[in-house]
Every structure is written in structure tokens, then in C-alpha cells.
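These are the residues of each chain, in order.
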Amino acid sequence: MTQSNIKVLLVLATILILGGTFMYVYKPNVEEKEQLQTEIDELQAKYDDLKAQDAHREEYLAEIESNREYFDEVVSYFPATLDQEISVMFFKGVEKDKGNLQFDVQSVGLGREMLYYSLAPAYGQEAGYQCYTAQFPITYEGSYEGLKDFVDYIMNYKYRMNISSFNIAYNSTDETYSGSFLVNAYSVSGEDRVADTVSVNVDNGVYNIFHGGDDAADNTSSSHDADNGASIAGDYDILVALNNANNDATDGIILSAGGSDTYVTSADNSVVDVKVTVEEVDGKNMVTYAIGSDSYQMELADKELTVYVQSNERVDANDSNGIKFSVENSTDVPVYVKVDGDDTTSPRFDLGTKTGVVKVY
């Protein structure tokens, strides 16, 4: 090999060594340095931003607490659950049978709750909230004022509810309104939500649930069951006569326990409240029947109180009288009511509230 070839090879080797050093040593180090510098710049920018935010730490913490309180306030508009027991008691509680605010819930469909939204955990929480909704179809009957009162009650209730649809039908005969509502209810459940409880002040242990209303005492089946109360027509303590209010012979509604001195009557061509009260006074069972402020009181010596309602069919569209019959029985004496001859299309007799042992045939 000549001296010139050796020089050429040495030059080539030097170039290869320098190129390899640049490609595999210098360049990677430069790129790594640039990457590290980029990360340093990003971290420095993040540090500077956090440092600036830290100067407002107390302000942010106060805002978080304020937002938390606002969030809790909004959530408090909704119950923690939509238990059916609570729903039943709610709709039972809106019923009214006094004055011009009459409203009778005839049926309620207990809608099944459905999940419609999930909320992420709030500040300081591990789990979030689950939002549910349920629909309650309601059929009703009552006065116009009672209907408006019900709508106001739903819209101003302590928990968020709304009425998505309703219909109204007017009965000009007795000036009552009937129809149906579709009410939407909502709930928000979570780890810190406490469900409402049902508070019912009603004694348990009713022997026959079909005999009476609230606080019904123990009772066995009655001898009147055999003929569906027909025997009461021949032997009763109180007679309730329901006739055409426009007749010339007598008042349209008469309550009587015998002679004319026991009469409580109404000549109004409208539906009136009739209330029978059975209570113990000075060791005696006293019975009071009343239409509005007019009443009659008597002592009951028997072991039961029988009421015979003698009704009649309506004579025309102008015949509007009738009664809403309620019984408040705070004794263990059973009350049996027989209704005869009522108009099947437009009854004059309407059963209101019952307390104690009360059975209507």
C-alpha cells in the first residue's frame, strides 16, 4: 500500500469517527437537552401559574364553600327518595272536605322511579348523586276553589314538583269538577342525603279493615251483613231523607231521630255537608248530627248506631241537592249506614271521611 493510499484511508477513518460521534453522541445529547429544557419551561410556567393562584388561596376556598352551600340549597329542593309510602301520605294529605276548598283524590297511580341523570361528586365527596323522577297520575273530584288550591299546593310544595298535564270536566248539576292530573316528582340520592320518614298517628290492630276509617276499633262482622243492611230500613236510629229540593211538600234534606223536634234540614238545592259525631260524654255515648251550624244531639243507649238514608232519583236537571256524609266515631260503638233508592246516574249520597268503626251498605 502506497503512502498516498494510507493518507486517504486515515482521512476517511477520521471523517467516519467524527460523523459517528456527531450522529450517535453529540446530536442525541443536544436533542435530550432541548427536550429537558422544554419540560423545564413547561414546569416553570405551571409553577408560576400555581404560585400566582396560591396567592388567592383563601379567596378560592371561600368561593368553594359558597358554591357548596348553594349546591346544598339546590339539592334540598328535592327529597332523598320517592318512597311509595311517603307519596301515598302526601296525596292523602291534600284532600279537603270542608268549605269551598273541597278536593277528593279518588285514585293515584304510584309511578316507578327512573334514573335520568348522574351528578359527579361534589367537593369533599367520594361518591356523586343520582337523580330520579316518577310520574303520578291522579284522578280527582272537588270544587273549583279546591282545584285551584291543589294546583297552588303542588307548585309551592317544599320539594320540586310540577304538573305536566291535567283535564277538567264540569258537572253543572252539583257544581263539581272532576278530571285527572299527571304530576312529576323528583328525588336526588347521595351519601349525605337523609330520606323522609312517614309519621302516621293511627292505631293498629283493626279487626276488619273494611269497616271503618282512621282509628277504627276492633269489631266482628255485623248481623246486617247477611242482608246487606236491608234490616236497617225497618229499625234505625237516624233517618236521612233525600228528596227533590224544589218540591212543595217538604225540605229536600231532612235528618231525623223521631219527632219534628229532632229535625235538622236543608232547603238548599245544592250539596251540603252532613256530619255525624259519636263520642263519650260523662260516661254516655252521645250522637250529634249536623248540617252546617244546625245540629241535634241525643244519647245512644244501644250497642250500635244505625242510619237509614232514604234517597230518590233526581227529577230533572235542576234537581241538584245531595249530601256529603261524614262520620267521626271516637267510641267502640259501630256505626252502620244503609243507603236506599239513590239515583244511579247522579247519586245524592256521597261518602266523605270516616273515623272509627263505620260501615256503609
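Scoring rules and cut-offs
- Residues numbered from 1 in each chain as written.
- Predicted model: local features only at pLDDT ≥ 70, side-chain atom pairs only at ≥ 80, totals over all residues.
- Heavy atoms only, no water.
- Buried < 20%, exposed > 50% of the residue type's maximum accessible area, 1.4 Å probe, protein only.
- Helix = DSSP H or I, 4+ residues; strand = E, 2+ residues; numbered from the N terminus.
- Pairing = 2+ DSSP bridges.
- Axes fitted to C-alpha atoms, helices over the stretch in contact; angles between N-to-C directions.
- Expected span 1.5 Å × (residues − 1).
- Arc of directions from axis to C-beta.
- Contact = heavy atoms within 4.5 Å.
- Polar contact = N/O pair within 3.5 Å; in protein donor to acceptor, adjacent residues only side chain to side chain.
- Salt bridge = Lys/Arg side-chain N within 4 Å of Asp/Glu carboxyl O.

Looking at the pairing of strand β12 (residues 305-310)
- Burial runs high along β12: five of the six residues are buried.
- Inspection of the sheet shows strand β6 (residues 238-242) paired to β12 by four bridges, in the parallel sense. Looking at the pairing, A241 lines up with Q310 of β12.
- The pairing of β12 with strand β14 (residues 335-340) spans six bridges and is classified as parallel. Across the sheet, V307 pairs through a bridge with V337, a residue of β14.

Description of the sheet that holds strand β15 (residues 349-355)
- Taken in spatial order, the five strands line up as β11-β10-β9-β13-β15 in an open sheet, and their pairing is mixed. The open sheet has two edge strands with one neighbour each: β11 (294-299) and β15. Across the sheet, the mean angle separating the axes of adjacent strands is 15 degrees when strand polarity is ignored.
- Relative to strand β10 (residues 284-291), strand β9 (residues 271-281) runs antiparallel, the two sharing eight bridges. Residue pairing in the sheet places K275 in a bridge with A290 of β10.

A look at helix α4 (residues 144-155)
- With twelve residues, α4 should cover 16 Å at 1.5 Å per step; its first-to-last C-alpha distance of 17 Å lies within 8% of that length.
- Every buried residue belonging to α4 is among G146, L147, F150 and I154, and all of these are buried. In a view along the axis of α4, the buried residues occupy a sector of 105 degrees, so they form one face of it.
- Of the surrounding elements, those touching the buried residues of α4 are α3 (84-93), β1 (103-108), β3 (129-142), β4 (161-171) and β5 (176-189).

Comments concerning the sheet that holds strand β7 (residues 253-256)
- Here we have six strands laid out as an open sheet, ordered β8-β7-β6-β12-β14-β16, and mixed in their pairing. Single-partner strands in this sheet number two, and they are β8 (264-266) and β16 (358-360). In this sheet, neighbouring strand axes are inclined to one another by 10 degrees on average, regardless of whether the strands run parallel or antiparallel.

As for the side chain of S256
- The topology assignment puts S256 in strand β7.
- Separated by 3.1 Å, the side chain of S256 and the backbone nitrogen of G258 make a polar contact.
- Those residues in contact with S256 that lie beyond four places of it in its chain are D237, I238, L239, T262, Y263 and Y289.

Thoughts on the pattern of salt bridges
- Under the definition given, this model contains seven salt bridges.
- For the salt bridge of D54 with R57, the shortest nitrogen-to-oxygen distance reads 2.8 Å.
- Given the relative accessible area of 47%, R57 is considered partly exposed.
- Between R348 and D319 there is a salt bridge, with its nearest N and O atoms 2.3 Å apart. With R348 in the loop between β14 and β15 and D319 in the loop between β12 and β13 (322-329), this pair connects stretches of sequence that are 29 residues apart.

Describing the environment of N243
- Tracing the sequence through the fold places N243 in the loop between β6 and β7.
- Residue classification places N243 among the partly exposed positions, given a relative accessible area of 21%.
- N243 sits 24 residues away from A267 along the chain, and the two C-alpha atoms are 10.0 Å apart.
- The contacts of N243, once residues within four sequence positions are left out, are T250, D251, G252, N312, D319, N321 and R348.

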